[in-house]
Amino acid sequence: MNPNYPNTTLPNYTGTMPPYQNIPNSSNGNAINLSPEEYAESLLKLNMGKYAEFYMSYADSVEWRDRVFKGIIRDSGRDYTVLEQDDGSYVILWLVYLDYVIFPERIKHN
């Protein structure tokens, strides 16, 4: 036990937390309600070949605090996405740093 920290206990929690919240309906009716089973990795895999903008945050970096990567999704796995950028280069993005993704066209989802 660290003497610099008080002895605190966390309350017992027996529930489960959904991985994502449902997106609320917008007034124009264009919002898509996603079920909690639709994780980012499966949504990205369904939309391979589409152009997207990935908004990433790197909290521990001074130079790369917030970055936007734009390009075509070429592959996606459990914790990463491979993006072909506009200049033809490829980048692997780790989803742990992902804030959100914007698609300029309608996306596929279950």
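Going by the structure above, here's the rest.
### A short note on the packing of aromatic side chains
Turning to step 1, where the next piece is worked out: Within this structure, the stated rule accounts for five aromatic pairs.
Turning to step 2, where the next piece is worked out: Here Tyr-58 and Tyr-97 contribute two aromatic rings whose centre-to-centre distance is 4.8 Å and whose plane-to-plane angle is 40°, an arrangement assigned as tilted. Pair noted here: Tyr-58 is in the loop between β1 (51-57) and β2 (66-76) and Tyr-97 is in the loop between β4 (90-94) and β5 (98-102), with a separation of 39 residues, a long-range link.
Turning to step 3, where the next piece is worked out: The class for Tyr-58 is buried, based on a relative accessible area of 14%.
Turning to step 4, where the next piece is worked out: Ring-pair connections join several aromatic residues into one group, and the members of that group are Tyr-58, Trp-64, Phe-69 and Tyr-97.
Turning to step 5, where the next piece is worked out: The residue whose ring lies beneath Arg-67 is Trp-64, and the NZ or CZ to ring-centre distance is 4.1 Å.

### Some words on the sheet that holds β1
Turning to step 1, where the next piece is worked out: Ordered in space as β4-β3-β2-β1-β5, the five strands form an open sheet in which the pairing is antiparallel. Edge positions in the sheet fall to β4 and β5, since each has one partner strand and no second. Adjacent strand axes in the sheet meet at a mean angle of 45° when their direction is disregarded.
Turning to step 2, where the next piece is worked out: Note that β2 and strand β3 (residues 80-85) share five bridges and pair antiparallel. The residue of β3 that forms the bridge with Gly-71 is Gln-85.

### A few points about the nonpolar core
Turning to step 1, where the next piece is worked out: In terms of nonpolar packing, the biggest core is built from 13 residues, with Leu-44, Phe-54, Met-56, Phe-69, Ile-73, Leu-83 and Leu-93 touching the most fellow members.
Turning to step 2, where the next piece is worked out: For this core, the secondary structure elements donating two or more residues are β1, β2 and β4.
Turning to step 3, where the next piece is worked out: If sequence neighbours within four positions are ignored, Leu-93 has contacts with Phe-54, Met-56, Tyr-58, Phe-69, Asp-79, Tyr-80, Thr-81 and Leu-83.

### Examining the environment of Tyr-90
Turning to step 1, where the next piece is worked out: Mapped onto the elements of the fold, Tyr-90 is located in strand β4.
Turning to step 2, where the next piece is worked out: A relative accessible area of 53% places Tyr-90 in the exposed class.
Turning to step 3, where the next piece is worked out: In this structure, the C-alpha to C-alpha distance between Tyr-90 and Ile-72, residues 18 residues apart in sequence, is 9.5 Å.
Turning to step 4, where the next piece is worked out: The residues contacting Tyr-90, other than those within four sequence positions of it, are Arg-74, Val-82, Leu-83 and Glu-84.

Conventions adopted
Residues numbered from 1 in each chain as written. Predicted model: local features only at pLDDT ≥ 70, side-chain atom pairs only at ≥ 80, totals over all residues. Heavy atoms only, no water. Phe/Tyr/Trp six-rings, centres within 6.5 Å; stacked < 30°, edge-to-face > 60°. Helix = DSSP H or I, 4+ residues; strand = E, 2+ residues; numbered from the N terminus. Buried < 20%, exposed > 50% of the residue type's maximum accessible area, 1.4 Å probe, protein only. Lys NZ or Arg CZ within 6 Å of the ring centre and 35° of its normal. Pairing = 2+ DSSP bridges. Axes fitted to C-alpha atoms, helices over the stretch in contact; angles between N-to-C directions. Core = buried A, V, L, I, M, F, W, Y, C linked by side-chain atoms within 4.5 Å. Contact = heavy atoms within 4.5 Å.

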